[in-house]
Structures are given as structure tokens and as C-alpha cells.
Amino acid sequence: MTTRLRFAVALGVVAAGAALFGVTFRLSLGWMNRLLFQATNVVEGLTRLPPLGRVLVPIAGAAIAGGILRLSGARSQGISNVMEAVALGRMGLSLRVTATRLSASWTAIAGGLSIGREGPLIEFGGSLGAAVGRRLGISPDETRVLVAAGTTAGFAAAYNTPFAAVMFVLETIVGVAAPTLLVPVMVASVLATAITRALVGAGPIYGQRAFGLASYLDLVSFGALGVAGALAAVGFKEVLKSFEQLAERRALPQPLQAMLGGALVGAIAIVVPEVGGNGYEPLNAILDVQPVVAWLALLMVAKVIATSGSVATGIPGGVFTPMLLVGAALGAVWAQCVGSWASPHATAGSFMLVGMAATTAASIHAPLTAAVMIFELSGDYLVVLPLLLATVVATSVSRAMGSESVYDAELRKRGLTWEVTLEGRRLERRR
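Cut-off values and rules
Residues numbered from 1 in each chain as written. Predicted model: local features only at pLDDT ≥ 70, side-chain atom pairs only at ≥ 80, totals over all residues. Heavy atoms only, no water. Helix = DSSP H or I, 4+ residues; strand = E, 2+ residues; numbered from the N terminus. Buried < 20%, exposed > 50% of the residue type's maximum accessible area, 1.4 Å probe, protein only. Contact = heavy atoms within 4.5 Å. 1 Å grid on protein atoms, 1.4 Å probe; cavity = no way out; pocket = protein on both sides within 12 Å on 5 of 7 lines; lining within 4 Å. Points joined across faces, edges and corners; volume = space filled by probe spheres on them. Nonpolar A, V, L, I, M, F, W, Y, C, P; charged D, E, K, R; others polar. Expected span 1.5 Å × (residues − 1). Phe/Tyr/Trp six-rings, centres within 6.5 Å; stacked < 30°, edge-to-face > 60°. Axes fitted to C-alpha atoms, helices over the stretch in contact; angles between N-to-C directions. Left-handed = near helix turned anticlockwise from the far one by under 90°. Core = buried A, V, L, I, M, F, W, Y, C linked by side-chain atoms within 4.5 Å. Salt bridge = Lys/Arg side-chain N within 4 Å of Asp/Glu carboxyl O.

Student: So what's going on with the overall build of the chain? Which residues, and what values?
Tutor: Scanning the chain from terminus to terminus reveals 18 helices and 2 strands. Residues classed as buried in the chain amount to 58% of the 431 residues present. Across the chain, every contact between residues at least 6 apart in sequence was considered, and the portion connecting residues at least 24 apart equals 80%.

Listed below in C-alpha cells is the structure:
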């Protein structure tokens, strides 16, 4: 088998494997919800439980997840490891470790902990790329491309947004758009999205929304919403940082530490059961119905605390999707409190979509990824200008405040920093 053919086969295996795993991960969670709660999702299941049940279920899920991590002795491995593998070629990604971490993550999500499923899917895609590259004897440089392609496929399988998956890897994971990387990444996105849509349905996971831009003067309000989105994202990251520092100081063993996170989520779920899971269901509800401001504000605060407490326990999971929920709630509040007089002709849904993009961009410092992703969710070309404006403003404000990307912060804790130049992105190890 020629070198090119071997790489093409490896690319197909990685893309298809990441997509099939993503579909299985999602469908199996749905099956577990029906088994445990006789409900279609974890939020509906928690809502049906009495107050004590809402506390005990997350504690049980966290205890099992923490037990899996402790018994396996799995080392820390996340998206920052994928970034290091692509940038430096350090293939420390282990599929065995990833499988253990994914088991813990799946259990925690099924139990209602407030973490996103995108993190496990992205991590699996990157680890699969590394494993296939080693197995088929792919060169180190091409294996780095396979890791990036697997990451793309994992993102595409998580959100059903092929363009955003490519942008996420180029803008966040790699930092450059080299032709040798761009083509395989795009191929992986196409294959993973096609497989995902064939098995779970076409269209974005949040449904297609109508957007409206009645006047270009509304861009002033959308730009201001970008500032608000940056403040919300910075607040989220500070709360998460505080919880992580608290967990490090206490240094409790697993699964006790995980159980405390589950208890926190359960206590909040007594009043706001919508904090359970990654935030997919309440986000859809906000986009379809305009809740009252007081409830939206409560949901934002509750989701930030529940997600921070869940992630700080050390259980693998993402903050990407929870941040989308916080942004949608912020946009809904903005629509009722500011948009009604500043932009009377703009739809409430437009502010929610822009709020989602702004908070996401400020969290990961990837304005193009956030804008393209929400554009794919809306399916309306009129969304482009407000999204680009809000994401640029949100990212700029976040950086001006000295707030790091959540992924850069994860790298820094491991002694790694990015240096971005016109020649590309360089990863440095610092003491």
C-alpha cells in the first residue's frame, strides 16, 4: 500500500470512527434516560423526580464516575493534550486512557452533572487519530494531521455543524490554515457530518431559526450585546477558576470529590432542574419560548455555578455547550430589557443567537468559530453581520480584560503557552 493510500485509508477510518462514536454516545445517553427516568432527556427526568431524588441521582452518577477514574488511575488528558499533539507532535494521547475518561464522562452526564458532551467527543477523535496513525505506520507529521482531522470529526459529530468544526480546529486547535492540514480536516468534517446526519437526522441539533435584521442601526445594540457576552464569559471563567482552586486546595480523593460536585448540582436542581446535563434542552426551550427575565437570570447564575462545580471535580466534560445556554439566556434578557427599545424591530431570537455566539467567542477566543457555528444553527444569511460584529467585540473585550481562553488556561496550568505570529502558532513549554 502506497503512503498516500495508507494515509487516505487512515483518514477515512478516523473520520468514520469519530462520527460513529459520537452517534453512539448520544443515542446511548438517550437510552439511559429512558431506562432511568422514563424520559427523553435528563432535564425532563430530573423534573419528574422529587427533591431528594434530584439530589441523589447526580451524587450517584458522580460517585460512579469518580470511582471509574480512581480505580483506573487514568491520567489527566483533555483538549489541551490534543492541542499539544498537533502543535508539537507529542503523541501522548492514549486511546485506553480516553476510553476510561469517556466512561466516567458518560456516567456523569447520564446522572445529570452539568458538563458538555462535546469535550469527550473531541478528545476521542484526537486520540483515535493518534492511535490509527501509530497502527498504520503513518509518519509523525501526517499523524498530527490525523489528530486534527479526528478532532474535527468529533466536533462535527457533536454539533452537526461542518463549517464550524473546521474553523474550530484551524482557529483553536492549530492556529494556522496550512494547505496540507486544511484538505484532510475538511474531508473529515464532510465524512463525519454525512454519517451523523444519516444516522440521527439532517439539520443543526438546535433546529433552524429565522433571523431578522430590520435596520443596520440595530448593529449598535448587537455590538453592545457583544460586550455583555464578554462580561458573562469572563465571569463564567472566574467562577470556574475559583472552584478549581478550591478543589486543588482541598485535594479530596475520588470519588468523594466528584460526589461533592454531584451534591452541588443536585441541590441546585431542586429549584432549577434545567441545570442538569449539557444545556441542550433548556436552550431549545429558550429559543422557542420567551421566559421571564427573573427566571432567565436565575438560570444563568445556576448554570454557571453547576457547570463550574461539575468541571472542578475532575470529571471529563466540556463547557462549550453550557456556555451556549448561558449566552442564549443572556440574549433573551437583552431582548426584553434593552432590545425592546434600542432595536424594536429585531426579533428576540436574533438576540439569543448573537448572545450564544458572543459568550462562546469570549470563552474560547475564537470569533470565527463562534460566528460560523451560530450561522449554521440559524441557516439565515442575515445573521452574518451581527454575529461577526458581536464575536469580534466579545473576543476583544475578553482579551482586553486579561481573560484567557479556557483552553489556553488549561495549557498554562500544564506549563505550556501559545505564541501567535504571522508565521503561525508556536507552543512553548515554560517552567
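Structure shown, so let's carry the discussion forward.
Student: I'd like to hear about the layout of surface pockets, residue by residue, with values.
Tutor: The calculated volume of the largest pocket comes to roughly 1,300 Å³. Broken down by secondary-structure element, the contributors of at least two residues to the lining of the largest pocket are α4 (79-88), α5 (95-110), α6 (118-135), α10 (218-250) and α18 (406-413). The residue inventory of the lining of the largest pocket, partitioned by class, reads 21 nonpolar, 15 polar and 14 charged.

Student: Tell me about the environment of serine 127, and please be specific about residues and values.
Tutor: Relative to the assigned elements, serine 127 resides in helix α6. By relative accessible area, serine 127 is classed as buried at 0%. Expressed as a C-alpha distance, the spacing of serine 127 and leucine 146, which sit 19 residues apart in the sequence, is 9.4 Å.

Student: Please provide a residue-by-residue account of helix α16 (residues 367-378), values included.
Tutor: Taking 1.5 Å of rise per residue, the 12 residues of α16 would be expected to cover 16 Å, and the 17 Å separating its terminal C-alpha atoms lies within 8% of that figure. α16 sits mainly inside the fold: 9 of its 12 residues count as buried. Among the residues trailing α16, glycine 379 stands out with phi positive, at a value near 70 degrees.

Student: Report on the packing of aromatic side chains, specifying residues and quantitative values.
Tutor: Within this structure, the stated rule accounts for 9 aromatic pairs. When the centroid spacing of 4.8 Å and the interplanar angle of 25 degrees are considered together, the rings of phenylalanine 155 and phenylalanine 168 count as stacked. Of this pair, phenylalanine 155 sits in helix α7 (residues 140-159) while phenylalanine 168 sits in helix α8 (residues 162-174), and the two are 13 residues apart along the sequence. Of the two residues, phenylalanine 155 and phenylalanine 168, neither departs from the other in class, the shared state being buried. Through a chain of ring-to-ring contacts, the aromatic side chains of Phe155, Tyr159, Phe168, Phe320 and Tyr407 assemble into a single cluster.

Student: Please give an account of the packing of helix α12 (residues 280-288) against helix α15 (residues 348-364) that cites residues and values.
Tutor: In contact at an axis separation of 9 Å, α12 and α15 are set at 145 degrees when each is read in the N-to-C sense. The crossing of α12 and α15 is right-handed. Contact with α12, carried on its side by Leu283, Ile286 and Leu287, involves Met352, Leu353 and Met356 of α15 and no other residues of that element. Residue classes in the contact of α12 with α15 are distributed as 6 nonpolar, no polar and no charged.

Student: Break down the nonpolar core for me, citing the residues and quoting the values.
Tutor: Core analysis: the biggest nonpolar cluster contains 116 residues, and Phe155, Ile173, Ile286, Ile315, Phe320 and Met356 have the highest contact counts within it. Examining the composition of this core, we find that 13 residues originate from one element, helix α14 (residues 320-342), more than from any other. If sequence neighbours within four positions are ignored, phenylalanine 155 has contacts with Ile122, Asn160, Thr161, Ala164, Ala165, Phe168, Phe320 and Met373. Of all hydrophobic cores here, the second largest spans 5 residues; its members include Ala39, Val42, Val43 and Leu46.

Student: Go over unusual backbone geometry with me, naming the residues and quoting the values.
Tutor: Following glutamine 254, the chain continues into proline 255 via a peptide bond in cis, with omega recorded as 5 degrees. For proline 255, the location among the structural elements is in the loop between α10 and α11 (256-271). Look at asparagine 160: it is not a glycine, yet its phi comes out positive at around 60 degrees. Note on placement: asparagine 160 falls in the loop between α7 and α8. Given the relative accessible area of 3%, asparagine 160 is considered buried.

Student: So what's going on with the pattern of salt bridges? Which residues, and what values?
Tutor: Applying the stated criterion across every chain yields a total of 3 salt bridges. A salt bridge links arginine 48 to glutamate 44; the shortest N-O distance between them is 2.6 Å. With arginine 48 and glutamate 44 both in helix α2 (residues 42-48) and 4 residues apart, this pair spans about one turn of that helix. A salt bridge links glutamate 123 to arginine 101, with the nearest nitrogen and oxygen atoms 2.9 Å apart. With glutamate 123 in helix α6 and arginine 101 in helix α5, this residue pair connects regions lying 22 residues apart in the sequence. Take glutamate 123 and arginine 101: they sit in the same class, and that class is buried.

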